[in-house]
Every structure is written in C-alpha cells, then in structure tokens.
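# Breakdown of the fold
For reference, the chains in residue letters:
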Amino acid sequence: MARSNSLKTYVSILLPPAFWLGAWQLGAFLVELHVEGRGNELLLPYPATVLSALVRLAQDPAFWGTALTSLLRIAAGMAAGVALGSALAALTCASSWCERLFAPVIRIVRATPVASFILLVLLWTGRNQVPAVISGLMVLPVVWENLTQGIRSTDRQLLELSRAYRFSRGKTVRLVYLPSLKPYLLSAVTTAMGLAWKSGVAAEVLCLPRPGIGTEINHAKQAFETADLFAWTAVVICLSLLMERFLTRLIQRRREGAAA
Amino acid sequence: MIQISNLTLAYGDKLVLDRFSLTLPDTGVTVLSGPSGCGKTTLMRCIAGLERPQNGTVSGIAPSETAFLFQEDRLFPWRTVEQHLTDVLPKSRRGEADRWLALAGLEAEKTALPAALSGGMKRRLALVRALALGGKLYLLDEPFTGVDGDRIKALMAALKELGAPVVLSSHEGLVRSLADQVINLDGPPLRRLPGP
C-alpha cells in the first residue's frame, strides 16, 4: 500500500515535466522536419542540445561568475524593493497623507513600461546598476500593495487587546503585525521574485553590463546560438526558483523564531 | 471607591448608557448581572477606557490601571498557551506563568496553540492571561463561558485573593451565589434594578 502510494507520488511529480519535455522534443522534431538548413538549431533546439550547451557553458569558470553577479544584482534590487515597499506600506497605513502622497506614484511606477524605466535609469546611472534598480522598482509596488492590504486586514480585536494590555509598539509589531503579515509577505515575495528576475535580466539584455546573464543572452541572440539562449534562460529560471525557495524558507523560519 | 457618574454613550441612534451612575466597591468580587445586550459590556469598556462616552466620568481608577478580559477570547493563533502568559508578565515575573497555568488547569497544554484547545480551555487561558497582566481593578466580561462548575468555584476563590476589586459580568447562578456583591442591571439604556 505504502509502496503504491510512493509510486503514485513519483508519477504525479515526474509526469508534468515529462509531458512538457516530450512536447518540446516533438516541437523541435516538427521544426526539423519542416524547416530546412539550420532551422532546428535557430528556432527550437532539442532539449538534449540545450542540456549539452548548458554543460559546455558550466565548464567555463566565467559562467559561474556571470551567474553569481546577476544573482547578486537581482538579490540587491529585490532586497531594496522589499525594504522600501515595506516601509512605504507602513507609512501608507499610518497616515492618510502618506497614502495620498505615495499611492499615485506607486501606481504610476506599476503602470510604466519596464523598457522606459530601463532606458531612463540607464541615462541616470551606470549600466551595471540598472538591473538592480529596475528589479527593485518592479518589486516595490507588489510588496507595497500586498503589505498595505495585510496591515489593513490585521485583526482589530488583537490590536485593541495590545493597547488594553499596554504592549509596547515593538511588541505589538512582533506579536500581532508580523505574524498577520506573513501570508501577505510570502505572496508578495513569490510574485515579486519572478518580476525581479524578468525585469533585471531584461535590463541586462538592453544595458549589457559585464558580466551578466542578460548580456550573454544578448550575445547568444546576435550569434544565433539559440541553444545557448535557452541554456542561459534555464539558468535564470533555476536561480529564480532557488532564490524564491530560500526567501520563503527564511520568512517561515523568522516567524517560527519570533514565535518561540 | 470607583465612581461612575452620568455616563452617556450611544451607538448611532441606540442609546446604551443614559446618564448612568454607579459606585463600585474597593474590594471583593462584584457581579454585574443582566440580560444580554443591556449594556454591561459597554459599561465595562468605558471603565477600561476602551470606549469614549459622550458624557460623564469614571473616577477612582485610570484605564491604565485596569486588567480587562474581553468578551471574546482574543488569543493569538500563533502563540502557545505558555507564551500567552509570558507575553503579559514582566521579565522578572515570568516564573509565575506555571502558577497561572495550574489555576486554569492548562499545565498539560503548555506548548499547545489555541487551535488545539476546547472552548472552555480557551476561555480559561484568556481569563488567566488577564489576571496575570494585573491591575488595580479587574474587569472581566463573561469570564466563565464554557467553564464547568468546579473550575468556576476554584477560579472565583482565586479572584477573591487577587487583592484588588474584581468586576465581572455573568449570567451564571453559581457565580452570583459566590460573589461578594451582585448588581442587577437592565436595559438598554442601562439601569440598575433594586435589590440583590
């Protein structure tokens, strides 16, 4: 019974990626069938070709430096976006004047095309700073909106109890606000992480900082090395997922630590 | 003496307190008895400074000197039973947590979260948390909801030994019989009925 259950679990985990890999393989095969010359390499390489490109890239020590630099840029932008978004959310909920001041600006930031921001920030700062600034700018509205909603949804009865029981402001934050905000922060981080990577790498593609994953993607595109482009994209996806998992675990652990 | 003078409070068109006056004793356990919705909770909230009456005064006690038990348990879903007590106790008195847990009969549930407690257990935890907080006046709104008779007797005995006046609202006949003083109320608007 237990063995059959674990088999079911494995199948349920492996089946969806196997299906999509199969679909990719089939698509690449159809492209090879219908497009002459290097069509297959240019338009849609086989999964195995991408994997071998990834292995080849990973053997170069510069690959790791490039990945780490991009990771640090995005992480810095993400951290700044989360910190600033949280601070602005707290101010927004603390004062209606702050809300009037911040809300329109943050909505404008959210609605502005990322390409406009990339080009503007490129004018104002060095090319190496653009990806971090852009990531932060994309993360900020998501964190601000989620946390503002979270703070406003905090249980009024628990806040009244905190006042009646003469809790200090710090204690109220620790015992009431932070645990209440955890799901909102987790949701914000999950959404913002994808945005941070997408916008950060887009900024790298346009600004060509050295080193940078986006710069490598741009070079791969110019050299028609589609397999390399896929391989670098796979690196971005893996790093984004790893960072998301790390951050969600960190938030969970901090909450458990605070509760202890 | 805690003197309540001419308290007036309305929620919209509904007048709950209309120039209500009352003197509360300095010692012992006083039970406010009256039908649901007559204004007992509002009166206690006014004494604790949680409601601002449109008129009238409460003298002899400051809101910051009261320990209030809310009608709802208001437990933190993410804090353990023991943490609910250590949260309100100053660092120098954290050792008292075990004594309060024993009074509530919750020693075995020390590390449990509120979700794992029964309704009566939650009420007892909320009650001992208010008692552990301490104050010059204890205001307890329906402290014994879901609590069994034997436990009520033990808790009433403990309330009498707090060394500060206790004012509580309750419908329980047992609680009335164990109290030092019973104030019969009716309303709204809240008014005192004659007799014990």
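Residues numbered from 1 in each chain as written. Chains lettered and ligands numbered in written order. Predicted model: local features only at pLDDT ≥ 70, side-chain atom pairs only at ≥ 80, totals over all residues. Heavy atoms only, no water.

Moving on: the packing of aromatic side chains. Tallied over the full model, the rule gives 8 aromatic pairs over all chains. Ring geometry for W24 of chain A versus F230 of chain A: centroids 5.6 Å apart, planes at 25°, classification stacked. Of this pair, W24 of chain A sits in helix 1 (residues 2-34) while F230 of chain A is found in helix 11 (residues 226-259), placing the two residues 206 residues apart along the sequence. Overall, W24 of chain A belongs to the partly exposed group, its relative accessible area being 24%. Of the residues examined, F230 of chain A reaches a relative accessible area of 26% and is grouped as partly exposed. Here the aromatic residues F63, W64 and W232 of chain A are joined through ring pairs into a cluster of three or more. The ring of F167 of chain A is capped by K171 of chain A, whose NZ or CZ atom sits 4.8 Å from the centre of that ring. The ring of F70 of chain B carries R74 of chain B above its face, with NZ or CZ at 3.8 Å from the centroid. (Phe/Tyr/Trp six-rings, centres within 6.5 Å; stacked < 30°, edge-to-face > 60°. Helix = DSSP H or I, 4+ residues; strand = E, 2+ residues; numbered from the N terminus. Buried < 20%, exposed > 50% of the residue type's maximum accessible area, 1.4 Å probe, protein only. Lys NZ or Arg CZ within 6 Å of the ring centre and 35° of its normal.)

Inspection of the secondary structure puts T66 of chain B in strand 5 (residues 66-69). A polar contact of 2.7 Å, which involves the side chain of T66 of chain B, links it to the backbone oxygen of P63 of chain B. (Polar contact = N/O pair within 3.5 Å; in protein donor to acceptor, adjacent residues only side chain to side chain.)

Residues and elements named next belong to chain B. Among the 8 residues in helix 1 (residues 40-47), 7 count as buried, and that is most of the element. Along helix 1, the residues that are buried comprise K40, T42, L43, M44, R45, C46 and I47. Directly after helix 1, the chain includes G49, whose backbone phi takes a positive value near 80°.

Attention now goes to the confidence of the model for chain B. Summary statistics for chain B give a mean pLDDT of 92 and a share of 99% for residues scoring 70 or more. Per-element mean pLDDT across chain B ranges from 82 in strand 9 (residues 191-192) of chain B up to 96 in helix 2 (residues 81-86) of chain B. (pLDDT = per-residue confidence, 0-100.)

This paragraph deals with the sheet that holds strand 1 (residues 2-11) of chain B. The strands making up a sheet are joined through hydrogen bonds of the backbone, oriented either antiparallel or parallel. All names here are of chain B. Strand order in the open sheet formed by 3 strands is 2-1-4, and the pairing between neighbours is antiparallel. The open sheet has two free edges, formed respectively by strand 2 (14-24) and strand 4 (55-59), since each of these has just one partner strand. The mean angle between the axes of side-by-side strands here comes to 20°, regardless of whether they run parallel or antiparallel. Two elements, strand 1 and strand 4, share 4 bridges in a ladder whose sense is antiparallel. Directly across from Q3, in strand 4, lies its bridge partner S59. (Pairing = 2+ DSSP bridges. Axes fitted to C-alpha atoms, helices over the stretch in contact; angles between N-to-C directions.)

Chain B puts 23 residues into the contact, and the matching count from chain A is 17 residues. Summing the contributions of chain B and of chain A, the shared interface buries around 1,700 Å²; its carbon and sulfur component is 57%. Viewed at the interface, chain A and chain B are joined by 2 salt bridges. A salt bridge links R74 of chain B to E160 of chain A, with the nearest nitrogen and oxygen atoms 2.6 Å apart. Our enumeration of links across chain B and chain A arrives at 9 residue pairs in polar contact (both at pLDDT 80 or more). Every element with two or more residues in the side of chain B that touches chain A is listed here: strand 5 and helix 4 (119-133) of chain B. Looking at the side of chain B that touches chain A residue by residue, the classes come out as 12 nonpolar, 4 polar and 7 charged. (Contact = heavy atoms within 4.5 Å. Buried area = accessible area lost by both parts, 1.4 Å probe. Salt bridge = Lys/Arg side-chain N within 4 Å of Asp/Glu carboxyl O. Nonpolar A, V, L, I, M, F, W, Y, C, P; charged D, E, K, R; others polar.)

Below, the discussion takes up the pairing of strand 6 (residues 137-141) of chain B. All names here are of chain B. For strand 6, the buried fraction is high: 5 of the 5 residues fall into the buried class. Because side chains alternate across strand 6, one face comprises the buried residues L137, L139 and D141, and the other comprises Y138 and L140, equally buried. Judged from the 4 bridges that link them, strand 5 and strand 6 form a sheet pairing that is parallel. Directly across from L69, in strand 6, lies its bridge partner L140.

On to the sheet that holds strand 6 of chain B. All names here are of chain B. Pairing is mixed in the open sheet, where 6 strands are placed in the order 5-6-7-3-8-9. Unpaired on one side and paired on the other, strand 5 and strand 9 mark the two borders of the sheet. The strands that helix 1 touches are strand 3 (29-33), strand 5, strand 6, strand 7 (166-169) and strand 8 (181-186); relative to strand 6, the one it contacts most, it runs at about 150°. This element, helix 4, spans strand 5 and strand 6 of the sheet and lies at about 175° to strand 5.

Turning our eyes to something else, we now look at the nonpolar core. L43, L140, F144 and L168 of chain B are the most contacted members of the largest nonpolar core, which has 76 residues in total. At 9 residues, helix 4 of chain B tops the list of elements feeding residues into this core. If sequence neighbours within four positions are ignored, F144 of chain B has contacts with L127, I152, L155, M156, L159, L168, E172 and V175 of chain B. One finds A53, F63, V82 and M243 of chain A within the second-largest nonpolar core, a separate group that totals 41 residues. (Core = buried A, V, L, I, M, F, W, Y, C linked by side-chain atoms within 4.5 Å.)

Turning our attention to the side chain of T215 of chain A. Here T215 of chain A is to be found in helix 10 (residues 213-222). With relative accessibility at 1%, the residue T215 of chain A sits in the buried group.

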